[in-house]
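Reading the structure
Given next are the chains, with one letter for each unit.
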Amino acid sequence: MSNIKEDQANFTNGFYLETHKRWEKFSNWIHCICVVTFDLELGQALESIYPPHVTLTKQETLNICYLAFPDSNSGCMGDTNFIVRLQSCPSKAVLSNVHTAYNSKCPPALQINPAYYWGYVYFRQVKDIKLPRGYFQKSVVILSRLPFNNLFTKIISVIAPEYFDNGNLSLEAACYNIDQWPTPVPGLTLSLPLLGSVFQTFIPHQRNSTSLILQLAGLNEVATSSENQIQASVEDLNLFDIFQPVLSHIDMLWELVITAEPLIVMASSPNHCSLMVLALTRIISPLKFCADHRTYFTIHDSDFKQFTNKVHGTPPVILGVTNPFFAKTLHHWPHTVRLGQYQKYKLKKNGNSKIFDSTPGVYSSYKPFLQKDKTMIKNLISGINTKRPFEVQSALLKKHLLELTHSFMIPLERYIASLMPLLKNISPFRAAPTPLPFNPDDFFAMLETAGPQLTTGIKGDWVGLYKKFFRSPNFNGWFNNRYTELALKLQALQLQALSDADLKLWVQGKPEVEIVDMVLKIKNKIKKCEQHDIPVSHTIKEQLEQRLQDIISSLPDDLKNILQTS
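Every chain is numbered independently, its residues counted from 1 as its sequence is written. A pLDDT threshold of at least 70 governs which residues receive local features in this predicted model, and a stricter bar of 80 or more applies before side-chain atom pairs are shown or counted, although totals over entire chains, interfaces and linings include all residues. No hydrogens and no water enter the side-chain calculation; it runs on all heavy atoms of the structure.

This paragraph deals with the packing of helix α10 (residues 250–258) against helix α15 (residues 390–417). As a rule, the C-alpha atoms of each element are fitted with a line to give its axis, helices using only the stretch in contact, and angles between N-to-C directions run from 0 to 180 degrees. Strands here are runs of E lasting at least two residues and helices are runs of H or I lasting at least four, both read from the DSSP assignment and numbered beginning at the N terminus. Contact geometry for α10 and α15: axes closest at 12 Å, N-to-C directions at 45°. Taken together, the axis directions place α10 and α15 in an arrangement best described as oblique. The hand of the α10/α15 crossing is right-handed. Seen from α10, the contacting residues are I250, D251, W254 and I258; seen from α15, they are L397, H400, L401, L404, T405 and F408. Class assignment of the residues belonging to the contact of α10 with α15 gives a composition of 7 nonpolar, 2 polar and 1 charged. In these notes the angle categories are as follows: under 35 degrees is roughly parallel, over 145 is roughly antiparallel, 65 to 115 is roughly perpendicular, and the rest is oblique. Handedness of a crossing is defined here by the sense of rotation of the near helix relative to the far one, left-handed for an anticlockwise turn of less than a right angle and right-handed for a clockwise turn. Throughout, a contact is declared for two residues whenever any of their heavy atoms are within 4.5 Å. Following the grouping adopted for this structure description, the nonpolar residues are Ala, Val, Leu, Ile, Met, Phe, Trp, Tyr, Cys and Pro, the charged ones are Asp, Glu, Lys and Arg, and the polar ones are all others, Gly among them.

Written out as structure tokens, the structure reads:
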């Protein structure tokens, strides 16, 4: 077991600062740990930050401070966990080499978006008559690029209580431990020592991510653990438990999310609203939700004016809120999920007044394109009545959502594969061809014989739903990613053709300027291969190097020497 006092001593006596100046391993996982307190004069204020060398912009600091506390109306007593998502400074929106490698291997939903931080908050509010306000109020926040909502929630639940009991030395010791952690690599089970315990976690890999929501529990949390070992998957959302209050509307919510409709989640606590927002972004898995989403949002946020502006229309965002003030401010938003303590839920369709009805439920005038899968819903409701285990209920719901998304996306995947030019159009001596353009009319024509009807019995206006999807950030994100993959595949095929070509024969009769141009092009392509931009094998890279030498050897000595040293 790790010696906590020794870790604390290492940090505070300068050993840690002297031997870990760059904090590289720490920053692979966490940007910083913040302590936010309530100041009578300033309000919510940043008390301290670890490691101490980390700097935050004024706007980042303000956003963290306001997001670190529940709204006054929430009435959260005791300890509360919740998750926030906030914008980072544009100048910091750059991925490190480690995070770039991580993004290339992890499932889309777990990729890092460099424009945002995730904040994992542990808030404590208890009565304390010795304090001026009669309450102790403080939050400890892990700020990270990684969207590991379950793992970091468990980690902050170890760090924060230790801090409240033992003060700053425990945060210093935690930083020391984290800076020893291995690199976050998808596909591996990792051991992460922390304050005398060892977290064991598994980061999913995209190669086996047929569904993020089905494979995220890659490490079974009920596995046998020793006293100081904590099993924790990076994400563990109980979708059935979260969606149970609005279960009868799950198919409509799936349509709203896949088309990136503006959506408000109103709840009594930041914990409930943050989990619902996260769950909503996951119901279209394995498709990545590419629109903005704020798991917990307050009136003090720097984007408040943008989201409440009625002139420019509602943006494609999912907002999680707890302040009743938003019921009035966002009454023009078209869709609301309201959570609460009640067990009876109704769908209201009576215009703007829907927002002011405090009854929990889904409030929207949206008309779904697809028919509701009543059989699946009845099955789940029956499971509630027969006390079917929640694990089974969640598995059934996840299976339904996965099949729905697959039925929607398979025709698109099949169509985009048809945009690849024929192999006969690839020449070693010409630039790689580009994929054919996406033509919606061609896609709709294909649906008649190879549409969703091949994989699902759900009826409805699939074409109408696709048309709405094509106007969403989710389509843009998916299409740009797939189109880039096709373009890189074509470049790889062109390089393969070039590596097999007889360049000694090609150079005969060619002017020197054309030969030098080919040399420079091959060098540039080899460099791109080394940067992993183009997916080619090590064998092809070696063959390209040989083709390069074949060309250079045909040139005069003076030019040969220049090209070999350049």
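To continue, consider the confidence of the model for the chain. Scored from 0 to 100, pLDDT reflects the predictor's confidence in each residue. The predicted model of the chain averages 85 in pLDDT, with 87% of residues at 70 or higher. The low-confidence segment residues 14–20, where pLDDT is below 50, has 12 contacts with residues more than four positions distant or belonging to other chains. Low pLDDT (under 50) marks residues 211–224, which in the prediction has 43 contacts with non-local residues, meaning those over four places away or in another chain.

Time to look at the pairing of strand β9 (residues 263–266). Buried means the residue's accessible area, taken with a 1.4 Å probe over protein chains only, is under 20% of the maximum for its type, while exposed means over 50%, and partly exposed covers the values in between. The alternating pattern of β9 places L263 and V265 and I264 and M266 on opposite faces, both of which are buried. Here, strands pair whenever DSSP counts at least two bridges between them. Where β9 meets strand β11 (residues 317–321), 4 bridges bridge the pair, whose relative direction is parallel. Directly across from M266, in β11, lies its bridge partner V321. Two elements, β9 and strand β12 (residues 335–338), share 3 bridges in a ladder whose sense is parallel.

For the rest of this paragraph, the subject is the packing of helix α18 (residues 473–500) against helix α20 (residues 512–530). One can describe the packing of α18 onto α20 by two numbers: an axis separation of 12 Å at closest approach and a directional angle of 125°. Considering their axes alone, α18 and α20 lie oblique with respect to each other. Between α18 and α20 lies a crossing whose hand is left-handed. On α20, the residues that touch Q494, L495 and L498 of α18 are I522, K525 and C529. Class assignment for the residues of the contact of α18 with α20 results in 4 nonpolar, 1 polar and 1 charged.

Here we come to the packing of aromatic side chains. The rule is short: rings of Phe, Tyr and Trp, with Trp giving its six-membered ring, pair when the centres are within 6.5 Å, and they are stacked under 30 degrees, edge-to-face over 60, tilted in between. Taken as a whole, this structure holds 38 aromatic pairs when the rule is applied. Between Y120 and F152, the ring centres sit 5.1 Å apart and the planes meet at 35°, which makes this aromatic pair tilted. Of this pair, Y120 sits in strand β4 (residues 116–127) while F152 sits in helix α6 (residues 149–166), and the two are 32 residues apart along the sequence. Taking relative accessible area as the criterion, Y120 reaches 1% and is therefore assigned buried.

With respect to topology, 3 strands assemble into an open sheet ordered β6-β7-β8, the strand pairing being mixed. Whereas interior strands pair on both sides, the edge strands pair on one side only; in this sheet they are β6 (189–194) and β8 (229–231). Ignoring strand direction, the axes of neighbouring strands in this sheet form an average angle of 25°. Alignment of strand β7 (residues 197–202) against β8, held across 3 bridges, turns out to be parallel. If you follow F199 over to β8, its bridge partner there is I230.

Let us look at unusual backbone geometry. In this model, Y50 is joined to P51 through a cis peptide bond whose omega is -10°. With respect to the element layout, P51 can be found in the loop between β2 (43–50) and α4 (58–67). In this chain, S285 is followed by P286 through a cis amide linkage whose omega measures 10°. With respect to the helices, strands and loops of the structure, P286 is situated in the loop between α11 (270–282) and β10 (292–294). Backbone geometry at A260 places phi at a positive 55°, although glycine is not the residue there. Relative to the assigned elements, A260 resides in the loop between α10 and β9.

Attention shifts here to the pattern of salt bridges. Charged atoms that come close allow side chains of opposite charge to pair. A carboxyl oxygen of Asp or Glu within 4 Å of a side-chain nitrogen of Lys or Arg is what we treat as a salt bridge. Counting across every chain of the model gives 13 salt bridges. Residue K138 is joined to E47 by a salt bridge in which the shortest nitrogen-to-oxygen separation is 3.1 Å. Residue K138 is located in strand β5 (residues 135–144), and its partner E47 is located in strand β2; the two are separated by 91 residues in the primary sequence. Salt-bridge contacts for K521 lead to D517; the nearest nitrogen and oxygen are separated by 3.3 Å. Of this pair, K521 and D517 both sit in helix α20, 4 residues apart, which is roughly one turn of that helix. For D517, a relative accessible area of 38% translates into the label partly exposed. Through salt bridges with shared partners, a single ionic network connects R85, D292, R294, D301 and D303.

Okay, the sheet that holds β12 next. Within the open sheet, the 5 strands sit side by side as β10-β11-β9-β12-β13. Their pairing is mixed. Since the sheet does not close on itself, it has two edges, and those belong to β10 and β13 (361–364), each with one partner. Mean inter-strand twist for the sheet, computed between neighbouring axes without regard to direction, equals 10°. Pairing geometry for β10 and β11, over 3 bridges, is parallel. Directly across from R294, in β11, lies its bridge partner L319. Each of β9, β10, β11 and β12 touches α11; the most contacted strand, β11, lies at about 160° to it.

On to the side chain of N474. With respect to the element layout, N474 can be found in helix α18. For this analysis, a polar contact is any N or O atom pair within 3.5 Å, provided that within protein one partner can donate a hydrogen and the other can accept it, and provided that sequence-adjacent residues contribute only side-chain to side-chain pairs. A distance of 3.0 Å separates a polar side-chain atom of N474 from the backbone oxygen of V257. Of note is the side chain of N474, whose polar atom sits 3.0 Å from the backbone oxygen of I258. With residues up to four places along the chain from it excluded, the contact list for N474 reads V257, I258, T259, A260, I284, K288, F289, C290, A291 and F469.

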